[in-house]
Amino acid sequence: MDESDRTYSEVVSMGELLIDFIAAETCDDLAEADTFLRKPGGAPANVACGLARLGRRAAFVGMVGDDAFGRYLKSVLDAEGVDTRSLAFTHDQPTTLAFVALNAQGVPTFSFCRHPGADLSLKASDIDPTVFDGARVLHFGSLSLVLKPAYDATRHCLQTAKERRMFVSYDPNYRPALWRNARSAREIMLEPLPFVDLLKVSDDELKLLSGESDIEAGCAAIAQRGPKSIVVTRGGEGMRGWNDGVIIDAPGIPVEVVDTTGCGDASMAGIIAWLLEAGLPLSKDFRIPNDTFEAALAFANQCAAHAATTHGAIPSLPYRRDVG
């Protein structure tokens, strides 16, 4: 690695950073919970931390409240080795909170304190432009598209990535409670696809976005809007990849599931880390070779399986030594 590149991040991850309060008791409904565990989270922040733990240089772009929770979250990212030069603070909104119930299978349900919340207060002018210097990948989610000014900040990051010919990955991460309705969510979540090279969705999100129940048909429909590579997560069954028309299956890895919160983010970090580790010339419109894509999905399954065995999102993410 060239010494001049050491201060640069390989990946810029943009979006929400928040506190997950996870019910200590197994329950189907948050009304049944008495005790909660404080865990740092937020999908794009999880990905940034996941990349750092896997040995890659990652930066986070977002906003938290100028409060105890916001300062705690910055300390977590700093401790993980994530570049926080573009993590902004606001006095006007509190740090966003999410309360999480886990059922017997470790599957979460969420309730958010976000009206609108600090993460949605991020403006384009809050973003340090130097955070993009030397970066090859932009990763983002859809929750920063729910409301302005964060919507405009997200579009600013996408335009910057386009101008710099960066490879773009996108995880829509649909949370129904945060949108007016499914129709408006779908419309807004589809907007960024012309900028996107790699899309990760659950099977339910694929159906929402494409209108197709069949995975292959859904991927083909989505690919017409931009992404050349699509990853469909299917819980314990693993993943199905669509790579410019080629279908690749990656079976899941059986583990004792404690909490599936953050598993998708662990897999997203795994895919990006593997592509960087492979030394690919990632840039806008780059087509991932099929064998590399298959290996990336297998590695991502290991990352997701590891994350499922521990409570919380960031705390459960694997280090490079934990996964093959």
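Here, the structure is the one placed above.
Residues numbered from 1 in each chain as written. Predicted model: local features only at pLDDT ≥ 70, side-chain atom pairs only at ≥ 80, totals over all residues. Heavy atoms only, no water.

### Structural notes on the environment of G211
Put simply, the rule reads: Each helix is a run of H or I in the DSSP string that is no shorter than four residues. Each strand is a run of E no shorter than two, and both are numbered from the N terminus.
Here G211 is to be found in the loop between α5 (203-210) and α6 (215-223). Between the alpha carbons of G211 and A221 there is a distance of 8.7 Å; along the sequence they are 10 residues apart.

### Some details on the packing of aromatic side chains
For clarity, the cut-off: Here the aromatic set is Phe, Tyr and Trp, taking the six-membered ring for Trp, and pairing holds for ring centres within 6.5 Å; pairs whose planes are under 30 degrees apart are stacked, those over 60 apart are edge-to-face, and all others are tilted. To sort residues, take the accessible area from a 1.4 Å probe on protein chains only and compare it with the maximum for the residue type: under 20% means buried, over 50% means exposed, and anything in between is partly exposed. Our definition puts a charge over a ring when NZ of Lys or CZ of Arg is within 6 Å of the ring centre and also within 35 degrees of the ring normal.
Evaluated as defined, the whole model comprises six aromatic pairs. Measuring from centroid to centroid gives 5.7 Å for F21 and F69, while their planes differ by 75 degrees, and the two rings are edge-to-face. Of this pair, F21 sits in strand β2 (residues 18-23) while F69 is found in helix α2 (residues 68-80), placing the two residues 48 residues apart along the sequence. F21 gets classed as buried once you look at its relative accessible area, which sits at 14%. Considering the side-chain rings of W274 and F299, the 5.1 Å spacing of their centres and the 40 degrees angle between planes classify their relative orientation as tilted. Within this pair, whereas W274 is found in helix α7 (residues 263-277), its partner F299 is found in helix α8 (residues 290-307), the two being separated by 25 residues in sequence. The exposure class of W274 is partly exposed, given its relative accessible area of 21%. For F299, a relative accessible area of 2% puts it in the buried group. Feature note: the residues F21, F36, F69 and F99 constitute an aromatic cluster, connected by ring pairs. The ring of Y72 is capped by R38, whose NZ or CZ atom sits 3.7 Å from the centre of that ring. The ring of Y319 has R321 sitting right over it, with the charged end atom 4.5 Å from the ring centre.

### Considering the sheet that holds strand β7 (residues 108-113)
Condition: The pairing criterion for strands is at least two bridges between them, as found by DSSP. Here an axis means a line fitted to C-alpha atoms, over the contact stretch when the element is a helix, while the angle between two N-to-C directions is reported on a 0 to 180 degree scale.
With mixed pairing, the four strands of this open sheet are ordered in space as β3-β2-β6-β7. A strand with exactly one partner marks an edge of an open sheet, and here the two such strands are β3 (36-41) and β7. This sheet shows a mean twist of 25 degrees between the axes of neighbouring strands, independent of strand direction. As paired strands, β2 and strand β6 (residues 97-102) are joined by four bridges and run parallel to one another.

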